Every structure is written in structure tokens, then in C-alpha cells.
Amino acid sequence: MAIMDIGIDLGTANTLLYIRGQGIVLNEPSVVAIRQGRKGTTVAVGTEAKATIGRTPGSITAIRPLADGVISDFDAAEEMIRHFVRRAAPRRGTRIRMVVCVPSGVTPVERRAIVNASKRAGARTVHLIEEPMAAAIGAGLPVSDPRGSMVVDVGGGTTEVAVLSLGGIVTARSLRVGGHRMDLAVMDHVRKEHSLLIGERTAENIKIAIGSAWPVPGEEEREKATYTVRGREKVGGLPKTVDLTTQEVRDALEEPVAAMIEALRGTLEECPPELAGDLMEHGIVLTGGGALLPGLDLRMASASGIPVFVADDPLDSVAMGCGKCVEDFDGLDRLLNGA
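Everything numeric in this text was worked out from a predicted model, so none of it was measured.

What counts and what doesn't
- Residues numbered from 1 in each chain as written.
- Predicted model: local features only at pLDDT ≥ 70, side-chain atom pairs only at ≥ 80, totals over all residues.
- Heavy atoms only, no water.
- Salt bridge = Lys/Arg side-chain N within 4 Å of Asp/Glu carboxyl O.
- Helix = DSSP H or I, 4+ residues; strand = E, 2+ residues; numbered from the N terminus.
- Buried < 20%, exposed > 50% of the residue type's maximum accessible area, 1.4 Å probe, protein only.
- Pairing = 2+ DSSP bridges.
- Disulfide = S-S within 2.5 Å.

Draft legend 1. Quick peek at the pattern of salt bridges. Applying the stated criterion across every chain yields a total of 15 salt bridges. The shortest N-O distance in the salt bridge between Arg 20 and Asp 5 comes to 2.9 Å. Here Arg 20, found in the loop between strand S2 (14-19) and strand S3 (23-29), pairs with Asp 5, found in strand S1 (residues 3-10); they are 15 residues apart in sequence, far enough to count as distant. For Asp 5, a relative accessible area of 5% gives the class buried. With a closest N to O distance of 3.1 Å, Lys 207 and Asp 183 form a salt bridge. Placement of the pair is Lys 207 in helix H6 (residues 200-210) and Asp 183 in helix H5 (residues 179-194), with a sequence separation of 24 residues. No difference in accessibility class separates Lys 207 from Asp 183, as the two residues are buried. By sharing partners, the salt bridges in this structure join Glu 78, Glu 79, Arg 82 and Arg 120 into a single network.

Right, here's the structure in full:
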């Protein structure tokens, strides 16, 4: 029987699949569209399902099977994993070994749910690896060396902050705040300040277009930019248009960004002095989709007093780290068992 080794970055916003010897073969939104009924029929998964968010009729519901980095809808998560695995590995009779990334703060019950969903989706064996470790490996940090390394992985549902050394996590914080919480913050701001109701997709577009965590030198045009938002009036229910400024969106994002800064500081406070010296010398690496928010690295550097660098490919860092483990299962066993 043929053996296929698959690494999965099972994210709140997107799911990435890495196949041994092939690299990343799939990157799609973690969304499932289900037709309501006695059993519930899956209508679409991934990109097609995301396109239906906020646009579905009453008989169809678009849901995210993962919330804050963990499974919130077991059946939908199982269907999503099975769909993605079948697309990536269509051959039948293949024995699948799987490595799945999980937040560092997941509970034993949440870990068991991820393992069970993966096995019911077709995996024979399932290994779990913590996201900050995978992100650090994918970013090229020397996690096996006796040198301290620090990674901040800002995903869709969680922010993982960790100090690593000698192949293990020395201290870490897992914060259930990420890109999705930023979108909700923008939605709340527009609703409160402009009495305008908008959807998640619109809020995400606003964040990408003019969102920032700190003024970025050399981007004066972005600071002056405005974004025209179309939505529905909170009171009258009629269509309405407002213009948002960069500073206004930055203020809207302040609460989730401040929570990330607090997690960063808390992790540094728990860091052993010897490793803290290494961090001062080598800096902190920022990964995940949230790393693309302009000024977030500058804001973290200002708050910590330590240089912060954005990884070369922040969106794929966790998946690539997971993939490196998939390429060497013996090495994965040594990593997980602390050997």
C-alpha cells in the first residue's frame, strides 16, 4: 500500500496542505457551506464556500468549522479535511500519515477532537505539532540550537508568542485574538461611529486596504488615504456610504493589537535572562497573515525594545515548518519526544 505523508496547517482563516516531496499543494479558506436539512448537505468547501458568506439564502449556511484555532463544529471540520485531502491525494488505497499544527494553548479535549476529525477524514496516524514551533521552523530559526529564538505568529484566530531553545518551547502565550478579531473590531467601529452595518468580508477588505498598527515611514500616501464603505443603515435599513480614514481604522484595531503587545510583553517577562540576551542580539520573528498588517512589527519593536523582523514568507511559515517535519518523520519523533 502506498504511503502519503501530509502536513496540515489547520487555520481559522485558511487551511494549507503540504505533501511530502511536492510542497504546498493547497491553500484555501477554512469555510464550509451547508444546506440545512435533517442531515445537512455540503454545498461547497474552501474558496467557493467563502464566496457565499453573507450572500446565502436561508436554506444554506456558510460556517467556519474552526474558531480561535480549534474545532468548533466537528462534523463540518471533518468534512472540510476530507474534502481537501481527497483533492490533494485523489488516489484510493493510499495510507495517509498526517502532521497537524495546533495552537500551543489547546486543551487535551481540543487535541483529541483534532486527532479524531483527522482520522475520520482518512488519516491512519496523526501527529500534532504546536504552531509556534512549526512557525519557527518554517521561518528558518535555529530551534535545535542552545540559542534563544522568539517567534510571534499572528493567525486568523490566535496569536502565538513563544521563546524556543534546544528543540523545545521554553515559555509561550497563546492568545485567542488574531486577524478575525481585527475584522470584528472594524465592524464594531463602523456600526458604533457611523451607524452602518457591514459584513466580515467588507471589514477584511478595509483592514487590508488602509489598516495599520503604527505609522510606517515612507508611506505618507497611505496615511492620507480614505476607503469608501458601502453598507446598510443601522436604524433605517437603507443602503448608505461612508468614508473611513487610515487613522480611524488604526484606532479601531487598537484593542486587538494592544492584546497582542501585552502577550508579547508577558512572554518576555517569563523568559530566562540568558535567552533574553540572545533575543536582544538576534531579534524577534513575526509570522502569520497578521504580520502583513503595516506597522505591526514597528509597534512590537517599540513596545519591547527588541528588533522585530517579518519572515520572508509569513503566510506560509507554519505550513512550511509542518512540511519540514513531514519530510523527516524520524526527526519529528525526536522533536516531539524531546530526544
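Draft legend 2. Seen up close, the sheet that holds strand S16 (residues 239-245). An order of S14-S15-S16 is seen for the three strands of this open sheet, with the pairing classed as antiparallel. For this open sheet the edge positions go to strand S14 (196-197) and S16, each flanked by a neighbour on one side alone. Strand direction decides the pairing type here: S14 and strand S15 (residues 226-233), joined by two bridges, are antiparallel. Residue pairing for S15: Leu 197 is matched across the bridge by Arg 232.

Draft legend 3. Examining the state of the cysteines more closely. Summed over the entire model, instances satisfying the criterion amount to zero disulfides. Between Cys 101, a cysteine without a disulfide, and Cys 322, which holds the nearest cysteine sulfur, the sulfur-to-sulfur distance is 3.8 Å. Cys 101 sits in the buried class, given a relative accessible area of 2%. Accessibility expressed as a relative area gives 0% for Cys 322, which makes it buried.

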